[in-house]
Amino acid sequence: MNLNSDVNDTDTLVVGLVYRSPNSSDLQNTALENMIREVTQCDYKHLLLFGDFNYPEIDWSVEVANVPANHAAYSFLNCIQDSFLTQHVSRPTHYRHGQTANTLDLIFTGDNRLIADVDYVEPVGMSHHLVLQWTVACRVFSPTVPCLRYRYDKADYKGMCHTPGFKHVRKCTLKKI
């Protein structure tokens, strides 16, 4: 699923939701990586990609895949790193009795300042996955246009009266002072 939302006249927030089955084929894994590469090459100012990616082999705390180079998890981690995406989930999100906790649910952005305050909430119903909540910080800045402003309260009106070429100013100023 993809969602494009205009932030202002020039910026767009692109949101992608991903579910990758743990039984995905090599073809499906490659298609996911190609989609990530394609969307990151579009130079969107605000990119948010999240979901259940099901790569328990990746240790996101150090961004290392403890698998051979021909493994799907290794290829996916390289894709994320080559695309300069930031991963924001810092704790395990999947807990099942008798298994090691894993970070399977992930949040990626093109700008590390886009996500703030990731909260980890108890699973809904019988799910083994925590619920993730976060704040998207799309800041819309209006460009500042330099504007010349005269500080009339700081003018030296008496000094201006003695400046050559200001005869007409002298008369007006002397009357007002």
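Higher on the page you've got the structure.
Below: a short report on this structure. Keep in mind that what you see is a predicted model, and the values were worked out from it rather than measured.

**Comments concerning the packing of aromatic side chains**
Phase 1: Per the counting criterion, the structure on display carries 7 aromatic pairs.
Phase 2: Note on Phe 76 and Phe 108: the rings are 6.1 Å apart at their centroids and 70° apart in plane angle, and the pair reads as edge-to-face. Remark: Phe 108 occurs in strand β7 (residues 105-109) and Phe 76 occurs in helix α2 (residues 72-82); sequence separation between them is 32 residues.
Phase 3: Given a relative accessible area of 0%, Phe 76 falls into the buried group.
Phase 4: The class for Phe 108 is buried, based on a relative accessible area of 0%.
Phase 5: Taken together, the ring pairs connect Phe 53, Tyr 55, Trp 60, Phe 76 and Phe 108 into an aromatic cluster.
Phase 6: Between the NZ or CZ atom of Arg 20 and the centre of the ring of Tyr 55, over which it lies, the distance is 3.9 Å.

**Quick look at the environment of Val 89**
Phase 1: Structurally, Val 89 can be placed in the loop between β6 (86-87) and β7.
Phase 2: Once the C-alpha coordinates of Val 89 and Phe 108 are considered, the two residues, 19 residues apart in sequence, prove to be 8.6 Å apart.
Phase 3: Discounting chain neighbours no more than four positions away, the residues touching Val 89 are Thr 103, Asp 105, Leu 106, Ile 107, Tyr 120 and Leu 132.

**What about the packing of helix α1 (residues 26-40) against α2?**
Phase 1: Orientation of α1 relative to α2, taken along the N-to-C sense of each, is 5°, at an axis distance of 10 Å. By the angle between their axes, α1 is roughly parallel relative to α2. Contacts between α1 and α2 involve Asn 29, Leu 32, Glu 33, Ile 36 and Arg 37 from the former and Ala 72, Ser 75, Phe 76, Cys 79, Ile 80 and Asp 82 from the latter.
Phase 2: Among the residues making up the contact of α1 with α2, the classes are represented as 6 nonpolar, 2 polar and 3 charged.

**Thoughts on the environment of Val 15**
Phase 1: Structurally, Val 15 is set in strand β2 (residues 12-19).
Phase 2: Classification of Val 15 by relative accessible area gives buried; the value is 10%.
Phase 3: Considering only alpha carbons, one finds Val 15 and Leu 47, 32 residues apart in sequence, at a separation of 6.2 Å.

**Remarks on unusual backbone geometry**
Phase 1: Phi is positive for Glu 63, close to 50°, though the residue is something other than glycine.
Phase 2: Tracing the backbone shows Glu 63 in the loop between β4 (58-59) and β5 (64-65).
Phase 3: Using a relative accessible area of 31% as the deciding quantity, one classes Glu 63 as partly exposed.
Phase 4: Despite not being glycine, Asp 117 has its phi angle at roughly 55°, a positive value.
Phase 5: Structurally, Asp 117 can be placed in strand β8 (residues 115-121).
Phase 6: Accessibility expressed as a relative area gives 57% for Asp 117, which makes it exposed.

Conventions and cut-offs
Residues numbered from 1 in each chain as written. Predicted model: local features only at pLDDT ≥ 70, side-chain atom pairs only at ≥ 80, totals over all residues. Heavy atoms only, no water. Phe/Tyr/Trp six-rings, centres within 6.5 Å; stacked < 30°, edge-to-face > 60°. Helix = DSSP H or I, 4+ residues; strand = E, 2+ residues; numbered from the N terminus. Buried < 20%, exposed > 50% of the residue type's maximum accessible area, 1.4 Å probe, protein only. Lys NZ or Arg CZ within 6 Å of the ring centre and 35° of its normal. Contact = heavy atoms within 4.5 Å. Axes fitted to C-alpha atoms, helices over the stretch in contact; angles between N-to-C directions. Parallel < 35°, antiparallel > 145°, perpendicular 65-115°, else oblique. Nonpolar A, V, L, I, M, F, W, Y, C, P; charged D, E, K, R; others polar.

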